[in-house]
Amino acid sequence: MTMLDDGFARMTTETVDPRFDGIDRMTVAELAATMNEADATVPLAVGRALPSIVPAIEAVSDRMAQGGRLVYVGAGTPGRIAILDASECPPTFSTPPEIVFAIMAGGAEAMVTPTEGAEDDAEAGRAAVDAARIGPEDSVVGIASSGRTPFVVAALVRARERGALTVGLSCNEGTPLSAVVEHPIEIGVGPEIITGSTRLKAGTAQKLVLNMFSTIAMVRQGKTYGNLMVDLKPTNRKLRERAARMVARIGGTDLDSARHALESTDYDVKVAAVILRLGLDIESARRRLDAAGGRLRAALGED
């Protein structure tokens, strides 16, 4: 048995769980209940890993506050989950797409067309980090269920050489990815219902953790007011109505007044809220927000 095979055999994500031996004989109701029961263990596994997750998020948030980028690196399912999380940041928090983005083995085509062999190309991982011009101000989070994916491991090694903060997210213990990063995170989700199908529990765990990274980093940068997404881009009717409700709530006024304030500010939620709450004109409201670093709570004098 080779060293690679030995490591593969020890990965819990590849372990056969006898509890699920008979899934091909189950009814739909039994299968659904079994999957639901297994999925319910994932948040608990993430909870057990919080001692390693929290300092990693704090470190990433600090670098982003200094103008750094949050960059995910993944292959296959982890790469697709990373792209999904990153793509939600611009509409939710009005961040430029280059601030939070994902590097995926196989490139953009791999998002919809399986190119699973790309994950074995370590040199491509290093080259992708160089192409993205990763630097000391950036944070790079490598995601690999196995913790052994050559593309991801090599990319994180290169990112660290270039001075970036590095985080490794995997679902096994003592992984090569953990060994090369400053902040290793290992989520012990255990064996999958379908052996080795890490799009299941492992994928769910990864999405939960990436939710934390992007959301908490943005909250710490003042991208929310309480739990209101005041930096959203109201690009459709639903979002414009959401914006109006937020402005009315923060400004202590009715919906019609909130809509009028939004229309006069090109649907800038923060500016409209300051106008209504403090009785300022548009330019004065913008200056006050700028002086507060874009943080609405500070602009309203609540900090």
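To start, this report covers the structure provided alongside it. (Residues numbered from 1 in each chain as written. Predicted model: local features only at pLDDT ≥ 70, side-chain atom pairs only at ≥ 80, totals over all residues. Heavy atoms only, no water.)

**Some thoughts on the overall build of the chain**
A count of helical and extended segments in the chain gives 15 helices and 5 strands. If one aligns the C-alpha atoms of the chain with their principal axes, the spans along those axes are about 75 × 50 × 35 Å. Buried positions account for 46% of the 303 residues belonging to the chain. Of all intrachain contacts in the chain linking residues separated by at least 6 positions in sequence, the fraction that spans at least 24 positions is 64%. About 14,700 Å² of surface is accessible on the chain, with carbon and sulfur atoms providing 53% of the total. A gap of 6 Å separates the mean positions of the 33 positive and 40 negative side-chain charges of the chain. (Helix = DSSP H or I, 4+ residues; strand = E, 2+ residues; numbered from the N terminus. Buried < 20%, exposed > 50% of the residue type's maximum accessible area, 1.4 Å probe, protein only. Contact = heavy atoms within 4.5 Å. Areas by Shrake-Rupley, 256 points an atom, 1.4 Å probe, with all protein chains shown as cover. Lys, Arg positive; Asp, Glu negative; His and termini not counted. Charge placed at Lys NZ, Arg CZ, Asp CG, Glu CD.)

**Examining the sheet that holds strand 2 (residues 100-104)**
Neighbouring strands of a sheet are bound in pairs by backbone hydrogen bonds; such pairs are parallel or else antiparallel. Within the open sheet, the 5 strands sit side by side as 2-1-3-4-5. Their pairing is parallel. Both edges of this open sheet fall to strand 2 and strand 5 (183-186), since each of them pairs with a single strand only. On average, each strand axis in the sheet is inclined to that of its neighbour by 20°, with strand direction left out of account. Judged from the 5 bridges that link them, strand 3 (residues 139-143) and strand 4 (residues 165-170) form a sheet pairing that is parallel. Residue Val 140 lies in a different strand from strand 4, and its bridge partner there is Thr 166. Contacting strand 1 (70-74), strand 2, strand 3, strand 4 and strand 5, helix 4 (residues 50-65) runs over the sheet at an angle of about 135° to strand 5. Running at roughly 160° to strand 2, helix 5 (residues 76-87) makes contact with strand 1, strand 2 and strand 3 of the sheet. (Pairing = 2+ DSSP bridges. Axes fitted to C-alpha atoms, helices over the stretch in contact; angles between N-to-C directions.)

**A few points about the packing of aromatic side chains**
Summed over the entire model, instances satisfying the criterion amount to 0 aromatic pairs. When the ring centre of Tyr 225 is taken as origin, the NZ or CZ atom of Arg 297, which lies over that ring, is 4.5 Å away. (Phe/Tyr/Trp six-rings, centres within 6.5 Å; stacked < 30°, edge-to-face > 60°. Lys NZ or Arg CZ within 6 Å of the ring centre and 35° of its normal.)

**Section: the nonpolar core**
Core analysis: the biggest nonpolar cluster contains 34 residues, and Tyr 72, Ile 187 and Phe 213 have the highest contact counts within it. Of all elements in the fold, only helix 3 (42-48), helix 4, strand 1, helix 5, helix 6 (89-93), strand 3, strand 4 and helix 10 (201-220) reach the threshold of two or more residues within this core. Ranked by residue count, the leading element in this core is helix 10, at 7 residues. (Core = buried A, V, L, I, M, F, W, Y, C linked by side-chain atoms within 4.5 Å.)

**Topic: helix 14 (residues 282-291)**
Each turn of an α-helix holds 3.6 residues, which means side chains three or four residues apart point in the same direction. Within helix 14 the residues assigned to the buried category are Ser 284, Ala 285 and Leu 289. Looking straight down helix 14, one finds that the buried residues subtend no more than 135° of arc, so they occupy a single side. Residues of helix 14 that are exposed and point more than 90 degrees away from the buried face comprise Arg 287, Asp 290 and Ala 291. Of the surrounding elements, those touching the buried residues of helix 14 are helix 13 (269-278) and helix 15 (296-299). One side-chain oxygen of the residue at the start of helix 14 lies 3.2 Å from the amide nitrogen of Glu 283, identifying that residue as Asp 281. The positive-phi residue at the C-terminal boundary of helix 14 is Gly 293, with phi of around 65°. (Arc of directions from axis to C-beta. Polar contact = N/O pair within 3.5 Å; in protein donor to acceptor, adjacent residues only side chain to side chain.)

**Notes on the side chain of Asp 231**
Counting through the fold element by element, Asp 231 comes out in the loop between helix 10 and helix 11 (237-251). Here Lys 270 takes part through its side chain, which lies 2.8 Å from a polar atom of the side chain of Asp 231. Filtering out sequence-adjacent residues up to four positions away, Asp 231 remains in contact with Thr 92, Phe 93, Ser 94, Gly 222, Lys 223 and Lys 270.

**Brief notes about unusual backbone geometry**
For residues that are not glycine, phi is negative in most cases, and the peptide bond is trans in most cases. The backbone of Arg 133 shows a phi angle near 55°, a positive value even though the residue is not glycine. Following the sequence through the fold, Arg 133 ends up in the loop between helix 7 (122-131) and strand 3. Relative accessible area serves as the criterion here: at 68%, Arg 133 is assigned to the exposed category. Here the phi dihedral of Tyr 267 falls at roughly 60°; this positive angle occurs in a residue that is not glycine. With respect to the element layout, Tyr 267 can be found in the loop between helix 12 (255-264) and helix 13. Owing to a relative accessible area of 23%, Tyr 267 belongs among the partly exposed residues under this scheme.

**Side note on the packing of helix 13 against helix 14**
In the contact formed by helix 13 and helix 14, the axes pass within 9 Å of each other and the chain directions differ by 110°. One element, helix 13, and the other, helix 14, form an angle in the roughly perpendicular class. In terms of crossing hand, the pair formed by helix 13 and helix 14 is right-handed. The residues of helix 14 that touch helix 13, namely those facing Lys 270, Val 271, Val 274, Ile 275 and Leu 278, are Ile 282, Ala 285, Arg 286, Arg 288 and Leu 289. For the contact of helix 13 with helix 14, a count of residues per class yields 7 nonpolar, no polar and 3 charged. (Parallel < 35°, antiparallel > 145°, perpendicular 65-115°, else oblique. Left-handed = near helix turned anticlockwise from the far one by under 90°. Nonpolar A, V, L, I, M, F, W, Y, C, P; charged D, E, K, R; others polar.)

Shape descriptors only; they carry no functional weight alone.
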